[in-house]
Amino acid sequence: MPLRVPPGASVDGRTTRAGRNGPRTQPETTDKADHMETTSAPADVLRSFEDIVRVAGRDVLAHPHAERQAADTAGPAGPAGPAGPSDTAGPSDTAGPGDAAGPGDRPAETGGARRRVGIEIESFVVDVTRPQRSVPPEETAAALAAATGATTTTTTGTGTGTETDGRLPGGSRLTFEPGGQLELSGPPLPMTEAVAAMRGDLQIVREELARVGLGVAGLGVDPLRPPRRHSTAARYVAMDRHFRTCGGEAGLTMMCSTASVQVNLDGGSDDEDIVARFRLAHALEPVLIAMFAASPVGAGQRLGWQSGRQAVWAGIDTSRTGPVLPDLADLADLAAGPEQLAVFWARYLHDATLMMVGQDDGRYRAVERPTTFGAWLAGAGPVRRPPTVQDLGWHATTLFPPVRPRGWLELRYLDAQPSGLWPVAVAVPTVLLDDPDAARGALAACLPVAGRGEAAARRGLRDPELFRAASRCIDLALTALGRAGGDPELRAAVEAFADRYTRRRRSPADDLSARFAARGPTELLREEAARCVPVP
């Protein structure tokens, strides 16, 4: 969707005061969910694949020479056209307005800068007395207004939901997904500080909601309630219409019935670091999916997957949800690879199906037949005008690969965690990417299972190869946390998680399955909303 994109903005249209290692503040947005400000300046018009590469380079390399390198690598011809349409498209999980970069507490390799992490926690809001009821976001926002200092509730377009105009004391911004899921997006901080701030904000949220009989539940898929869209903003109406006309119930489920923990990490300190981190983030995907699977039940039924959220993703157009880097061998040469990242991301943008476009009046229009951004670039798009940088930015906000480059890295493959386990899901990938020794060990452990995301989501750690890789990774993470010092409570939580789950070939999904069998979906959801302690 078109968006005013000042110089230096990332491809998704967000303006950040960015440094070499990632954004220094939460991104600033200019978009709205009901209306967009369109521009058609000649300089904004995209005419070739090389134009996409130049814009994409801002997201993956974050260097002054990135655009030149990426454009040179793309070559003069570029692709002749799109890879071909898919049957369905669209995500529900979103990059909330609190997206940020940075990992933990060790100094970066260059410059001595402390890396940081941005944490996003999504939860289902539950009426504890009537768990079957789908709670409207306005009701939740009203209950939290005093805590945030909010005076209004507005809709925004970078994500898929509703946003309040206040913040919690730890800096978290509140947003709502179309189905009423609550998202807290924390500011970028060193890891232990980010976790502490989010813990405090979540505690405030729980206390305020409890006053009106509401609770929050961290699960990858709603175990009880069918999907229901609350938002009537034009962007989400268009998204819904696209899903319904292009096929696939998974789109509405993703929008309204899934939740995640998103971990946003620094892109890297130099070219080799950027490539190494991008590659490792992809290699970790199957291992972390299996380790933190937490969605075996949906709409009152067993899903047959440890991570049912990943099953939902599997039902959506893979041009929108597949990996940017499908083959890790493509980046085996760290010295030769950095400039290729922009080409990989540009190709992804080019070949992905369009979900919606901006009309002349700035309103959103659903794309109701499968067509790609590349087809639009070639003159066969859903509207007559040529695509612009703004259109590319809005297109990018509707794409949800497992690892999304934004000038920093978004890790989008983790289920929301039950029983207060989310700090572990933040700490493990953060230290595995930030600690050099842990990073080398994790890559060696994960390469043999790279690309096995579906097996991880279905079987979890019952798969022997995934179990071996996960065991090695959790040990590496614990050692790295010990080297870093920091919060002993966080290291103890990771150790307890390893003992309860990973070392026993289990994940949170196993506990949830047992509780579902013993209590049913209604009590499972009520119980998770009412307290946040592990239940045997």
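Look up: the structure comes first, before these words.
Residues numbered from 1 in each chain as written. Predicted model: local features only at pLDDT ≥ 70, side-chain atom pairs only at ≥ 80, totals over all residues. Heavy atoms only, no water.

On to the overall build of the chain. For the chain, the helix and strand inventory stands at 19 helices and 15 strands. Taken across its 536 residues, the chain has 64% of its residues classed as buried. Partitioning the intrachain contacts of the chain with sequence separation of at least 6 by distance along the chain shows that 77% fall at a separation of at least 24. Put simply, the chain shows about 18,100 Å² of open surface, and 51% of that area lies on carbon and sulfur atoms. (Helix = DSSP H or I, 4+ residues; strand = E, 2+ residues; numbered from the N terminus. Buried < 20%, exposed > 50% of the residue type's maximum accessible area, 1.4 Å probe, protein only. Contact = heavy atoms within 4.5 Å. Areas by Shrake-Rupley, 256 points an atom, 1.4 Å probe, with all protein chains shown as cover.)

A separate point is the pairing of strand β6 (residues 173–176). Alternating positions in β6 separate into two faces, Arg 173 and Thr 175 on one and Leu 174 and Phe 176 on the other, with burial throughout. Here β6 pairs with strand β7 (residues 182–185) via four bridges, running antiparallel. Paired with Arg 173 across the two strands is Ser 185, which belongs to β7. Turn length for the β6-β7 hairpin, with the two strands adjacent in sequence and antiparallel, is five residues, and the turn residue Gly 180 shows positive phi of about 95 degrees. (Pairing = 2+ DSSP bridges.)

Among the nonpolar cores identified, the biggest contains 110 residues, and Leu 284 and Val 428 are the most heavily contacted of them. When residues of this core are assigned to their parent elements, the largest contribution, ten residues, is made by helix α17 (residues 464–484). When sequence neighbours within four positions are dropped, the list of residues in contact with Val 428 reads Leu 288, Met 291, Phe 292, Ile 474, Ala 477 and Val 494. (Core = buried A, V, L, I, M, F, W, Y, C linked by side-chain atoms within 4.5 Å.)

Moving on, we get to the packing of aromatic side chains. Here a ring pair, both rings aromatic, is described through the centre-centre distance and the interplanar angle of the planes. If you walk through the whole model with that rule in mind, you get five aromatic pairs. Residues Tyr 364 and Trp 394 carry aromatic rings whose centres are separated by 6.1 Å and whose planes lie at 75 degrees to one another, so their mutual orientation is edge-to-face. Placement of the pair is Tyr 364 in strand β13 (residues 364–366) and Trp 394 in helix α13 (residues 389–396), with a sequence separation of 30 residues. With a centroid separation of 5.7 Å and an interplanar angle of 65 degrees, the aromatic rings of Phe 373 and Trp 376 are classed as edge-to-face. Linking Phe 373 with Trp 376, this pair stays in helix α12 (residues 373–377), spanning three residues, or about one helical turn. (Phe/Tyr/Trp six-rings, centres within 6.5 Å; stacked < 30°, edge-to-face > 60°.)

This part takes up the pattern of salt bridges. Oppositely charged side chains are able to pair whenever their charged atoms sit close together. All told, the structure shown has 35 salt bridges when counted by the stated rule. The salt bridge partner of Glu 489 is Arg 199, with a shortest N-O separation of 4.0 Å. With Glu 489 in helix α18 (residues 488–500) and Arg 199 in helix α4 (residues 191–210), this pair connects stretches of sequence that are 290 residues apart. Glu 489 gets classed as exposed once you look at its relative accessible area, which sits at 52%. Accessibility expressed as a relative area gives 24% for Arg 199, which makes it partly exposed. A salt bridge links Arg 462 to Asp 510, with the nearest nitrogen and oxygen atoms 3.5 Å apart. Placement of Arg 462 in the loop between α16 (453–459) and α17 and of Asp 510 in helix α19 (residues 508–530) is noted, with a sequence separation of 48 residues between them. Accessibility expressed as a relative area gives 43% for Arg 462, which makes it partly exposed. (Salt bridge = Lys/Arg side-chain N within 4 Å of Asp/Glu carboxyl O.)

For the rest of this paragraph, the subject is helix α7 (residues 271–283). A rise of 1.5 Å per residue sets the reference length of α7, with its 13 residues, at 18 Å; its end C-alpha atoms lie 19 Å apart and thus fit the reference within 8%. Burial analysis of α7 places ten of its 13 residues in the buried class, which makes it a mostly covered element. Residues Asp 273, Ile 274, Val 275, Arg 277, Phe 278, Arg 279, Leu 280, Ala 281, His 282 and Ala 283 constitute the buried set of α7. A distance of 3.3 Å separates the backbone nitrogen of Glu 272 from a side-chain oxygen at the start of α7, and that oxygen is part of Asp 270. (Expected span 1.5 Å × (residues − 1). Polar contact = N/O pair within 3.5 Å; in protein donor to acceptor, adjacent residues only side chain to side chain.)

Moving on, we come to the pairing of strand β9 (residues 260–266). For β9, a buried count of seven out of seven residues is recorded, marking the element as mostly surrounded by other parts of the structure. By the bridge criterion, five bridges tie strand β3 (residues 117–127) to β9 in an arrangement that is antiparallel. If you follow Ile 119 over to β9, its bridge partner there is Val 263. In this structure, β9 lies alongside strand β15 (residues 408–415), joined through six bridges in antiparallel fashion. Paired with Ser 260 across the two strands is Asp 415, which belongs to β15.

Now for α4. Over its 20 residues, α4 runs 28 Å from end to end, which matches the ideal 28 Å to within 8%, given 1.5 Å per residue. Turning to α4, its buried residues number three or more, namely Met 191, Thr 192, Ala 194, Val 195, Ala 197, Met 198, Asp 201, Leu 202, Val 205, Glu 208 and Leu 209.

Turning to its location among the elements, Glu 528 is positioned in helix α19. C-alpha of Glu 528 to C-alpha of Leu 512: the two residues are 16 residues apart in sequence and 9.8 Å apart in space. Residue contacts for Glu 528: discarding those within four places in its chain leaves Val 216, Ala 217, Gly 218, Leu 219, Pro 418, Ser 419 and Arg 515.

So, about unusual backbone geometry. One non-glycine residue with positive phi stands out, namely Ser 419, at about 55 degrees. Here Ser 419 is to be found in the loop between β15 and α14 (422–434). Not every positive phi belongs to a glycine, and Arg 505 is a case in point at roughly 60 degrees. For Arg 505, the location among the structural elements is in the loop between α18 and α19. With relative accessibility at 39%, the residue Arg 505 sits in the partly exposed group.

Another aspect to go through is the side chain of Asp 510. Take Asp 510: its relative accessible area is 18%, and that puts it in the buried class. One polar contact links Asp 510 to Arg 462, side chain to side chain, over a distance of 3.5 Å. Not counting chain neighbours up to four residues away, the residues in contact with Asp 510 comprise Gln 306, Arg 462 and Arg 505.

For the pair α17 and α18, the least separation of the axes is 10 Å and the interaxial angle reads 165 degrees. For the element pair α17 / α18, the angle class is roughly antiparallel. Considering only the axes of α17 and α18, their crossing is left-handed. The residues of α18 that touch α17, namely those facing Ile 474, Leu 478, Leu 481 and Gly 482, are Arg 491, Val 494, Glu 495 and Ala 498. Broken down by class, the residue content of the contact of α17 with α18 amounts to five nonpolar, one polar and two charged. (Axes fitted to C-alpha atoms, helices over the stretch in contact; angles between N-to-C directions. Parallel < 35°, antiparallel > 145°, perpendicular 65-115°, else oblique. Left-handed = near helix turned anticlockwise from the far one by under 90°. Nonpolar A, V, L, I, M, F, W, Y, C, P; charged D, E, K, R; others polar.)

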